[in-house]
Amino acid sequence: MNPVRPPVFEARNLQVIKGGSLILDVPSLVISEGEILVLIGPNGAGKSTLLQTLAALQTPSRGEILFRGQKIGADVPVLQYRRRLAMILQEPLLFDTTVYHNVASGLKIRGMKRNEIDAIVANTLDRFRITHLKNRSARTLSGGEARRTSIARAFATNPEILLLDEPFSALDPMIRETLIEDLEKVLHETRITTIFVTHDRMEALRLASRLGVMNAGKILQIDLTSEVLHRPANEFVASLVGFETILGGEVIRRDNETFVASVSGREIEAIGDAVVGEKVSLCIRPENVTLLTTASANPRNAINAFEGTVEKVTHMGSFRKVQLNCGLQLNTYITNNSFEALSLSKGTKVVVSLRPTDIHVVRQKGRLSFGT
Amino acid sequence: MDLIIEGIIKAFWLLVSFDPEVLGITLLSIKVSGTATLISLVIGISVGASVALTRFPGRSIVVSLINTGMALPPVVVGLFVTISLWRNGPLGFLGILYTPLAMIVAQAVIATPIVTGISLAAVQQLPAKLRLQILALGATRRQMVWILIKEAKLSLLAAIMAGFGGVISEVGASIMVGGNIKGYSRVLTTATVMETGRGNFDVAIALSIILLLLAYLINLVLTQVQQRERPR
Amino acid sequence: MKRFWITSLLFIGVIALVAGGSSQAQAQNKSVILATTTSTQDSGLLDILIPIFEKDTGYFVKTIAVGSGQAMAMGQKGEADVLLVHSPAAEKKFMEEGFGVERRLVMHNDFVIAGPAEDPARIKGLKSATEALKKIAAARALFLSRGDNSGTHAKEKAVWKAAGVQSEGQKWYQETGLGMGQTLNVAGEKKGYTLTDRGTYLALAKTLKLDILVEGDAVLLNIYHVMEVNPQKWPKVNIEAAKAFADFMVSAKAQDVIKTFGVDKFGSPLFFPDAGKTVENLGK
């Protein structure tokens, strides 16, 4: 018989109050062995506070955290607990010494013997490909090198849990890319339980096995990444996971699986359970908005096809963002090639179409209960 | 002008001939001020770092007291130390008035606020998140304080220089608590005052030059260390 | 990093300890605090006498050179064991109030009035010190006073009183608050008059731009007494050592040193040994 192993973390009724205001309010959070939980949310959402509370660097005003079934600060002493985790913050915060001594610092703090430290540091430097920097002063490192050193310092102590607080946000895109790749590799090799805080959606999607969205001290939704991505619980989550356009409307009629909502006088068909008279939010990703020239389309026959004009075009590197006005405000992304092929410019008349299956519906529950 | 040249010649002569009295005075100056600086470093860095790292009611009052203490006039220190150390004073049982030990005490009192103030500022200007990072590395509070002190080492070198420079050149307190006793508690500054009083300007100038040289050499060494450690 | 700390801390530590040697606090009962005047220290006499005493008796003398006023204040508080001072009126009061055990005449020299060679008050050669001060006051010529309650200051005030001049607060009367040597330097630089003991004047004469203008008046005698502080008032006073020092100062050995001190350097002695004499017989 395998006894049921307790989760790595279990937080209950966690609250942090600072200066009289509630900055973190997490009634329940369970993190299990080996998962990579990414927390996203805007600045001030409470992500860092949650991370610091989990690291026992911040004492919760209320509630408790169990680490593998043991209460932190009671069953397991804070110091002992902290020595089983590693934390990487936004700045590298290296010590004013060589790369070697930086990577060795956590081991020295634990009072390890010199020859043991030597072996572990050599191994860690190699793993993060910074052996050549071993004797360099931390002050002379580039941003990417410093970041690598700080990650190596965190991994040197062989932590059971890894906590990362926006570790890549201050780096150049190129360096960031290789660093994320390397981290991804190490995370998959070690299968270390990881909590990663970021406000960058792309970073989150790449690494997350589970995704949590936070705002104003609360976790709004936490689920498998694909769930949050495709079924955001509310408009805020939707906008954060890439639904750039959110249209508010009212259900005017319904069929078997579909319903039609009226949005600013236009009728949009979508899939869902919403009842007639209910207010709904229709969440649309720009990549799902299809653009056709008036010549190649017959709007009257298509579902969810609207005539409109190009309002604004923004260069985004390899693609362009096109803002459209078709009675509704919609955005779409198209590649530079398609943009040229369609010979678009400001004022060009176009037809926009949306597949009902690509529209994510958020029902406004307050009204629903009123309706039924 | 003649007097200055004569003084310089005399100083040179006293230096190369290793005049035992001048040598003794110089070594005593170094010993007294060096020991006082060491004591002030131990106390000043501990107190400075503790105040920098803790929040408590009345903290700002403590900080301004330390900053005021940085400008503590040596004669005021001399007066209070003398009164306390008098045979019939509160610390008279120690029996250390008019000894080099008393001078060390007075100079440590002068240097400690200087070292404390500079350490306080040095530790305070380290990034706030550094503390979180050190604790997250598994450090005890004591280990964290020690690491932070090491991180502030360049500024702390300035504290050593300011503290030592302050006390080696100080005369008011030394003469009051040391008594300028020949061959016993006579240091460069008190000897300079006395030789000036005796009209031995050449010797006074010689002693001043030795004092300057000493202050310069010590700062030179510390500055070298500081520059070598500075970011390129 | 470790190397850095070892270097900088050892550096301070080493320089602090190189000196080594002489500074272990001496055993309490073997050390004696002598409070005396700057004039005896500045003359260099004590630098010769004290090593002899220390060698003969094994005591260690801590000489604190201050003004006579402060020296007696230290005696009154029991902060000194023995006093060598030159302020007779204050000394008598000190003895009457029971702060001293015995007051013995050690030596004397004399005070002189020194001033610039130009002598704006025309006092050169006067036989009377009071007359000279009256003329200085009348000429409103700059006069520099020690102003530090020293024996010299006390003497100067006594002579002003005898001359019937209210000098304090006058524009031409300035107090330096410094020792004798420094006051002479100030007088030399500012071309002022001052009252000084002959010994300090002679020691500094080489570098001073001041001449002796008035000397030889009986009122200008500068008399040094040695007094042990009364242990009945202050039990911590080291009376054995104090007595040993006082005895030494009036001993033939010390008196011989005093008799010849300064002859080689200035051609005449700086002090006249007076052990066993009475004040009334001095200067005759």
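Everything quoted here is computed from the prediction, not taken from an experiment.

Asker: Hey, could you run me through the overall build of chain B in this one?
Answerer: Within chain B one finds eleven helices and zero strands. Taken from the N to the C terminus, the helices and strands of chain B come in the order α-α-α-α-α-α-α-α-α-α-α. The proportion of buried residues among the 232 residues of chain B is 53%. Look at the contacts in chain B between residues 6 or more apart in sequence, and 78% of them connect residues 24 or more apart.

Asker: So what exactly am I meant to see when it comes to the nonpolar core here?
Answerer: A general feature of soluble globular proteins is that nonpolar side chains tend to end up buried together. Formed by 247 residues in total, the largest nonpolar core has its most connected members in Val82, Leu83 and Phe245 of chain C. Beyond its immediate sequence surroundings of up to four residues, valine 82 of chain C is in contact with Val32, Leu34, Val226, Met227, Glu228, Val229, Ala242, Phe245 and Ala246 of chain C.

Asker: Is there a simple way to explain the environment of leucine 204 of chain C in this structure?
Answerer: Residues and elements named next belong to chain C. Relative to the helices and strands, leucine 204 resides in helix 9 (residues 198–204). Its 24 C-beta neighbours within 10 Å are what place leucine 204 among the buried residues. As for leucine 204 and glycine 181, which are separated by 23 residues in sequence, their C-alpha atoms are 7.2 Å apart.

Asker: Even after reading the chapter, I still don't get helix 3 (residues 45–57) of chain C, so can you show me in this structure?
Answerer: Residues three or four positions apart in an α-helix share a direction because the helix packs 3.6 residues into each turn. All names here are of chain C. Compared with the 18 Å implied by 1.5 Å per residue over 13 residues, the 19 Å span of helix 3 between its first and last C-alpha is a close match. When we look at burial in helix 3, the residues that qualify are Leu45, Leu49, Ile50 and Phe53. Angularly, the buried residues of helix 3 cover 95 degrees about the axis, an arc narrow enough to put them on a single face. Buried residues in helix 3 make contact with helix 2 (38–43), strand 2 (60–66), helix 10 (239–249) and helix 11 (252–260).

Asker: What is the right way to look at the sheet that holds strand 1 (residues 9–18) of chain A in this model?
Answerer: By way of backbone hydrogen bonds, the strands of a sheet pair with one another, either parallel or antiparallel. Residues and elements named next belong to chain A. Pairing within the open sheet is antiparallel, and its four strands lie in the order 2-1-4-5. With one partner strand each, in any of the chains shown, strand 2 (21–31) and strand 5 (70–71) form the two edges of the open sheet. Running over the sheet, helix 1 (residues 47–54) touches strand 1, strand 2 and strand 4 (62–67) and is turned about 60 degrees from strand 2.

Asker: Please explain the domain arrangement of chain A as it appears in this structure.
Answerer: Where interface size is given, it is often the accessible area lost as the parts come together that is meant. Residue and element names in this part refer to chain A. Segmenting chain A into domains produces domain 1 (9–239) and domain 2 (243–367). Distance between the C-alpha centres of domain 1 and domain 2: 39 Å. Contact residues are listed per partner, giving seven residues for domain 1 and six residues for domain 2. For the side of domain 1 that touches domain 2, the element with the most residues is helix 9 (residues 235–240), which contributes three residues. Across the side of domain 1 that touches domain 2, the residue classes tally to two nonpolar, three polar and two charged.

Asker: I would appreciate a short explanation of the packing of helix 6 (residues 128–136) of chain B against helix 7 (residues 141–151) of chain B in the present structure.
Answerer: Between two packed helices, the angle of one axis relative to the other and the distance separating the axes together describe the packing. Residues and elements named next belong to chain B. For the pair helix 6 and helix 7, interaxial distance at closest approach is 10 Å and the crossing angle is 130 degrees. In terms of their interaxial angle, helix 6 and helix 7 are classed as oblique. The chirality of how helix 6 crosses helix 7 is right-handed. Residues Leu130, Arg131, Ile134 and Leu135 of helix 6 touch helix 7, and the partners they reach there are Met144, Ile147 and Glu151.

Asker: What is the right way to read unusual backbone geometry from this model?
Answerer: The phi torsion of most residues other than glycine is negative, and most of the peptide bonds are trans. Although it is not a glycine, arginine 68 of chain A sits at a positive phi angle of roughly 50 degrees. Mapped onto the secondary structure, arginine 68 of chain A falls in the loop between strand 4 and strand 5.

Calculation notes
Residues numbered from 1 in each chain as written. Chains lettered and ligands numbered in written order. Predicted model: local features only at pLDDT ≥ 70, side-chain atom pairs only at ≥ 80, totals over all residues. Helix = DSSP H or I, 4+ residues; strand = E, 2+ residues; numbered from the N terminus. Buried ≥ 20, exposed ≤ 12 C-beta atoms within 10 Å, placed from the backbone. Contact = placed C-beta atoms within 7 Å. Core = buried A, V, L, I, M, F, W, Y, C linked by C-beta atoms within 7 Å. Expected span 1.5 Å × (residues − 1). Arc of directions from axis to C-beta. Pairing = 2+ DSSP bridges. Axes fitted to C-alpha atoms, helices over the stretch in contact; angles between N-to-C directions. Domains from an automatic or database assignment. Nonpolar A, V, L, I, M, F, W, Y, C, P; charged D, E, K, R; others polar. Parallel < 35°, antiparallel > 145°, perpendicular 65-115°, else oblique. Left-handed = near helix turned anticlockwise from the far one by under 90°.

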